[in-house]
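Structure at a glance
What follows is each chain in one-letter form.
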Number of protein chains: 2
Amino acid sequence: MLFIRMVERKNDRIAEDRLSEILKAASDPTRRQILTLLAQHGPMRVTDIHRQFEISLNAISKHIKVLERGGLVVRRTEWREHMIEVQMDPLRLVDDWFAGLRSIWALRLEALDVLITDKGENDD
Amino acid sequence: MLFIRMVERKNDRIAEDRLSEILKAASDPTRRQILTLLAQHGPMRVTDIHRQFEISLNAISKHIKVLERGGLVVRRTEWREHMIEVQMDPLRLVDDWFAGLRSIWALRLEALDVLITDKGENDD
DNA sequence: GCATCAATCAACCATGTGGATGAATGATAA
DNA sequence: TTATCATTCATCCACATGGTTGATTGATGC
């Protein structure tokens, strides 16, 4: 049957790590707020983002770095100002992993259903 | 316009927390492996899950508790054995949040496009 | 009763995380 | 040059996390 595992090798170790980074980045409420803010307002400077929160500028800077590592945000450093822009693409990796999990799950139920039906036909 | 924010109140503080729990639970590679395993094999005992990993039974037990807190797994304690079952429903919360973010983003681009078009019409 | 099995609890350890503050870098503006 | 602004770097702190080992709880089977 050559499951989804077909492509799964050392290559996917990286994808796994990427997924972890993305999910971890998205798992913090403050970081999700930052993403929402950026989606609404478009590219913003670190300071402008900071203005919307109670916490220190440094904390914001750190959060942005985490988001950056997850690829959920890109930074265009224009001279002294860093423009931060939200990046939707990585979310697809999560979508895909969810889809994969769901299909594995559905496949099992399907197989189970066939088994039961077969048994019913043979046993009756 | 009464954005998506319509329903956003103290009620959504809980939803936010739920989302954080789910994403944090999913952000660990071992926990994702456990989910995949459960999706493939159906409900399993803690010990059986443990058999598939190198780490200690206790570590597995802890991971399961995290998954449980995120609702990604449910536990049916049948006498001394705890049957662990994967639960797909919470993933929808993540899907929905992604969808929301994407739509906010798309809406902004759309509005921006209208602005540019208007400007073009008036300025030319 | 006693050994065994399934699972958790308790403690501990190293490391990571979210926050703060203060100093440093680097460019702009006076 | 000096002051100011945007941002990061360096520390520090409290607490969470992923892992370990050892003890504990409860039910099973002899």
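Residues numbered from 1 in each chain as written. Chains lettered and ligands numbered in written order. Predicted model: local features only at pLDDT ≥ 70, side-chain atom pairs only at ≥ 80, totals over all residues. Heavy atoms only, no water.

Here we look at helix 4 (residues 57-69) of chain B
Residues and elements named next belong to chain B. Between its first and last C-alpha atoms helix 4 spans 18 Å; for 13 residues at 1.5 Å apiece the expected length is 18 Å, and the two agree. Here helix 4 has its buried residues at Ile 60, His 63, Ile 64 and Leu 67. Down the axis, helix 4 shows its buried residues gathered within 100° of arc, on one side only. The outward face of helix 4, more than 90 degrees from its buried face, is lined by the exposed residues Asn 58, Lys 62 and Arg 69. (Helix = DSSP H or I, 4+ residues; strand = E, 2+ residues; numbered from the N terminus. Expected span 1.5 Å × (residues − 1). Buried < 20%, exposed > 50% of the residue type's maximum accessible area, 1.4 Å probe, protein only. Arc of directions from axis to C-beta.)

Here we look at the protein's contact with DNA strand D
Neighbouring residues of DNA strand D: 22 residues in total, closest Thr 47 and Arg 75 of chain A together with Asn 58, Lys 62 and His 63 of chain B. The sugar-phosphate backbone supplies 59% of the atoms of DNA strand D found within 4 Å of the protein. Arg 45 of chain A places a polar side-chain atom, nitrogen or oxygen, 3.3 Å from a phosphate oxygen of DNA strand D. Listed by contribution, the elements that provide at least two residues to the surface near DNA strand D are helix 3 (46-51), helix 4 (57-69) and strand 3 (81-86) of chain A together with helix 2 (29-41) and helix 4 of chain B. Residue composition of the surface near DNA strand D, by class: four nonpolar, eight polar and 10 charged. (Near = heavy atom within 4 Å. Polar contact = N/O pair within 3.5 Å; in protein donor to acceptor, adjacent residues only side chain to side chain. Nonpolar A, V, L, I, M, F, W, Y, C, P; charged D, E, K, R; others polar.)

What to know about the relation of the copies chain B and chain A
For the pair chain B and chain A, the superposition axis carries a translation of 0.0 Å, the fit reaches an RMSD of 0.0 Å, and the rotation angle comes to 180°. Both copies of the chain, as the preceding transformation shows, are related through a two-fold rotation axis. (Least-squares fit on C-alpha atoms with pLDDT ≥ 70 in both.)

Brief notes about the pairing of strand 3 of chain A
Each regular strand shows side chains that alternate between the opposite faces of the sheet. Residue and element names in this part refer to chain A. Here strand 1 (residues 44-45) pairs with strand 3 via two bridges, running antiparallel. Residue Met 44 lies in a different strand from strand 3, and its bridge partner there is Ile 84. Across six bridges, the pairing between strand 2 (residues 73-78) and strand 3 is antiparallel. Its bridge partner being in strand 3, Glu 78 is matched across the sheet by Glu 81. The antiparallel pairing of strand 2 with strand 3 creates a hairpin that spans two residues between the two strands, and Trp 79 there sits at a positive phi of about 50°. (Pairing = 2+ DSSP bridges.)

Description of the interface of chain B and chain A
The partner chain A presents 31 residues to the 31 residues of chain B that form the contact. Roughly 3100 Å² of surface becomes buried between chain B and chain A when both sides are summed, with 65% attributable to carbon and sulfur atoms. Summed over the shared surface of chain B and chain A, the result is four salt bridges. Across the salt bridge formed by Asp 95 of chain A and Arg 102 of chain B, the nearest N and O atoms sit 2.9 Å from each other. Along the contact surface separating chain B from chain A lie eight residue pairs in polar contact (both at pLDDT 80 or more). Within the residue set of the side of chain B that touches chain A, elements represented by two or more residues are helix 1 (10-26), helix 2 and helix 5 (91-123) of chain B. The leading source of residues in the side of chain B that touches chain A is helix 5 of chain B, at 11 residues. Looking at side-chain class alone, the side of chain B that touches chain A contains 17 nonpolar, six polar and eight charged residues. (Contact = heavy atoms within 4.5 Å. Buried area = accessible area lost by both parts, 1.4 Å probe. Salt bridge = Lys/Arg side-chain N within 4 Å of Asp/Glu carboxyl O.)

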